[in-house]
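# Working through the structure, step by step
Listed below, chain by chain, are the residues.
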Amino acid sequence: MVPDVAGIDKRFDYLAPPDTPVGALVRVTLNGRRVGAWVVDVDVDPPADVALRQVNKVSGLGPAADVIEVAEWAAWRWAGRLTSLLRSASPAVVVRGLPPPAAAERLPVTAPALPAGGRTVLRLAPAADVYPVVLAAAATGDALVLAPSVDQAGLLAMRLRRARVPVALVPRDWARAAAGGSVVVGARAAAWAPAPGLSAVIVLDAHDEVYQEERTPTWNAWQVAAERARRAAVPCVLVTPCPTLEQERWAADVVVPSRAQERAGWAALEVVDRRKEDPRSGLFSDRLVTLLRGGGRVACILNRKGRAKLLACAACGELARCERCDASVESVEAARLHCRRCGLDRPVVCQACGSQRLKLLRLGVSRVAEELAALAGEPVAEVTADTADLPANRVLVGTEALLHRLDAVDVVAFLDFDQELLAPRYRAGEQALALLARASRLVGGRGSGRVLVQTRAPAHEVLDAALHADPGRLAAVEGERRQALGLPPFAALALVSGEAAPVFVDALSADTAVEVLGPDDGRWLVRAPDHAALADALSRTARPAGRLRVEVDPLRF
DNA sequence: CGGACAAGCTGA
DNA sequence: CAGCTTGTCCGG
């Protein structure tokens, strides 16, 4: 068994009641402590020199043998601890027994056949309905269907139930999924859901970054689900309007709709070249003003991430500056202000009045809302990540998070798309196209609403791809660039940080299978030709004591 | 991780 | 040398 204790990544042998299955969750006494544990193997040959203890209690059911094996693979692939993955694969509440499997009678599904072959990317335009693909998967038997959010998974489950398809919506219906006979539907963590009779895997909006876990190990749900499909020898279909380069490379087959179909599902893009606009109009082009006044619901997107954030005293309004060089300072921790220019740290206190309360000035954003309101002739609501309820205003302004709060709008306007296009992340292009895909879906594709993009780079390949409703145009350019720079998917990367990092990378740099770059800001980048080489090198390098974070497939570095 | 135990430091 | 801290090891 594997104990559920952080810091112990090791197996121990215990005596368990007869018929205890692999995957059982048990309580054991380990070194005088009562801890939970997963039974990952039975009928083992224990080492001769240890006296075995009895497990204290069999508490319930956990991940079955096939899922445990995938968890072991993922621990290698993402250089993480098995326990953290087994936790993701375990039910949220104790499961003592399974309900009877769903009735075997299957609906007469009238659905198109699932693409033949094991590894398929199905490029479907943003506004296209994915439901027929899900139905096709349901017709194969116990399919596993992943959606990017819990809400979308819930809606999909409801739609399937209405069509009389037996559905297990995980994590809620974990036991029903484990019993078999149902289509298993869920969000990211559903990649680990039980699916004893797995017949197919479908990942919806597979390009979405929410499928990657942020905490280490940084496993990715589409890759975990694809690995399960591979092991079960069943088809895996990634459905997305804009496949990532990794996904195109993974696929044995990329199914592309007809030009007409794909064009119909992408919004007609209106690109405003900000270089040709009157500079006095700032973020508000004539075209934007026309759309604002044209009626219908308008979502204005302004990404303020990465912008200069200024701190000011909440009492006297004085700006917080560096004592040494007078630059603005940022708040890195609760009790500390940091100067990026000269590196000086100082406590959080106003230099003018001594107050310890500072507030964040989000430069210009309130003014953007005010100016939009003036132009629209009505109040404009600002939506931030912590806006609880979506305001009823016709015109909304917010970050890209706003795109995920809305179901349908008439106009999406990206006020400054260069923030997205030129972000210093190697996936910026793909991410920017994904935003345009999302916007296209919200306005309902070509001929419905409008997507407006204000930019100083109107010829950028992301805009070219969206204008032509052809994500392949971005992939071609992006693929060449990544290959030239040695970036994924033409290499495998890991970011290593933490107090123990220097010792760890020192040992790693002796390994000829990988290349160690850095440090940059206390973090090293480890590069290998492929993931097998990277994972092997990371797993054969001894981990020193102390905090060590190994982030495989870093989204930014 | 957290308990056990050993080795090292301090003060009387 | 007791009393305490710090480090290392190990769990079935």
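Let me sum up the structure you'll find in this document. It should be emphasised that the depicted structure is a prediction, and the values quoted were computed from it without experimental measurement.

## Things to note about the protein's contact with DNA strand C
Inspection of the region around DNA strand C gives 13 residues, with Ile8, Phe12, Asp13, Tyr14 and Arg53 positioned closest. A distance of 3.4 Å is found between a phosphate oxygen of DNA strand C and a backbone nitrogen or oxygen belonging to Asn31. Between a sugar or linking oxygen of DNA strand C and a main-chain N or O atom of Arg53, the distance comes to 3.2 Å. Its residues assigned to classes, the surface near DNA strand C comprises eight nonpolar, one polar and four charged.

## Focus on the environment of Arg27
Relative to the helices and strands, Arg27 resides in strand S3 (residues 24-30). Separated by 27 residues in sequence, Arg27 and Gln54 have C-alpha atoms that sit 9.8 Å apart. Not counting the four nearest positions on each side in its chain, Arg27 is found in contact with Arg34, Val35, Gly36, Val55, Asn56, Lys57 and Ser59.

## Topic: a positive patch on the surface
A surface patch of positive charge is lined by Arg27, Arg34, Lys57 and Arg96. Along the polypeptide, Arg34 turns up in strand S4 (residues 33-38).

## Describing the packing of helix H12 (residues 428-443) against helix H14 (residues 472-485)
Where H12 contacts H14, the axes come no closer than 10 Å and their chain directions differ by 160°. It follows from the interaxial angle that H12 and H14 lie roughly antiparallel. Crossing geometry of H12 relative to H14 is assigned as left-handed. Contacts between H12 and H14 pair Gly429, Glu430 and Leu433 from the former with Leu474, Glu478 and Arg482 from the latter. Its residues assigned to classes, the contact of H12 with H14 shows two nonpolar, one polar and three charged.

## A short note on the sheet that holds strand S19 (residues 345-347)
If you walk across this open sheet you meet the three strands as S17-S18-S19, and the pairing is antiparallel. With one partner strand each, in any of the chains shown, strand S17 (329-333) and S19 form the two edges of the open sheet. Averaged over neighbouring strand pairs, the angle between their axes works out to 40° when direction is ignored. Pairing geometry for S17 and strand S18 (residues 336-339), over four bridges, is antiparallel. Bridged to Glu333 within S18 is Arg336.

## Re H14
The first and last C-alpha atoms of H14 sit 20 Å apart over 14 residues, in line with the 20 Å expected at 1.5 Å per residue. Of all the positions in H14, only Leu474, Ala475, Glu478, Gly479 and Arg482 are classed as buried. The buried residues of H14 all sit within an arc of 125° when viewed along its axis, so they share a single face. Looking at H14, the residues exposed on the side facing more than 90 degrees away from the buried face are Glu480, Gln483 and Ala484. Elements in contact with the buried residues of H14: helix H7 (245-250), H12 and helix H13 (461-467). Positive phi shows up at Gly486, right after H14, with a value of about 65°.

## Things to note about the sheet that holds strand S7 (residues 119-123)
On the basis of which strands lie adjacent, the open sheet formed by seven strands has the order S9-S10-S8-S11-S12-S7-S13 and parallel pairing. The open sheet has two edge strands, strand S9 (167-169) and strand S13 (253-255), and neither has a second partner. Neighbour to neighbour, the strand axes of the sheet diverge by 20° on average, direction disregarded. Relative to the sheet, helix H4 (residues 150-162) contacts strand S8 (142-146), S9, strand S10 (183-186) and strand S11 (198-204), its axis offset from that of S9 by approximately 165°.

The rules behind these values
- Residues numbered from 1 in each chain as written.
- Chains lettered and ligands numbered in written order.
- Predicted model: local features only at pLDDT ≥ 70, side-chain atom pairs only at ≥ 80, totals over all residues.
- Heavy atoms only, no water.
- Near = heavy atom within 4 Å.
- Polar contact = N/O pair within 3.5 Å; in protein donor to acceptor, adjacent residues only side chain to side chain.
- Nonpolar A, V, L, I, M, F, W, Y, C, P; charged D, E, K, R; others polar.
- Helix = DSSP H or I, 4+ residues; strand = E, 2+ residues; numbered from the N terminus.
- Contact = heavy atoms within 4.5 Å.
- Patch = residues over 30% accessible without salt bridge, like charges linked within 9 Å, V, L, I, M, F, W, Y side chains within 5 Å.
- Areas by Shrake-Rupley, 256 points an atom, 1.4 Å probe, with all protein chains shown as cover.
- Salt bridge = Lys/Arg side-chain N within 4 Å of Asp/Glu carboxyl O.
- Lys, Arg positive; Asp, Glu negative; His and termini not counted.
- Charge placed at Lys NZ, Arg CZ, Asp CG, Glu CD.
- Axes fitted to C-alpha atoms, helices over the stretch in contact; angles between N-to-C directions.
- Parallel < 35°, antiparallel > 145°, perpendicular 65-115°, else oblique.
- Left-handed = near helix turned anticlockwise from the far one by under 90°.
- Pairing = 2+ DSSP bridges.
- Expected span 1.5 Å × (residues − 1).
- Buried < 20%, exposed > 50% of the residue type's maximum accessible area, 1.4 Å probe, protein only.
- Arc of directions from axis to C-beta.

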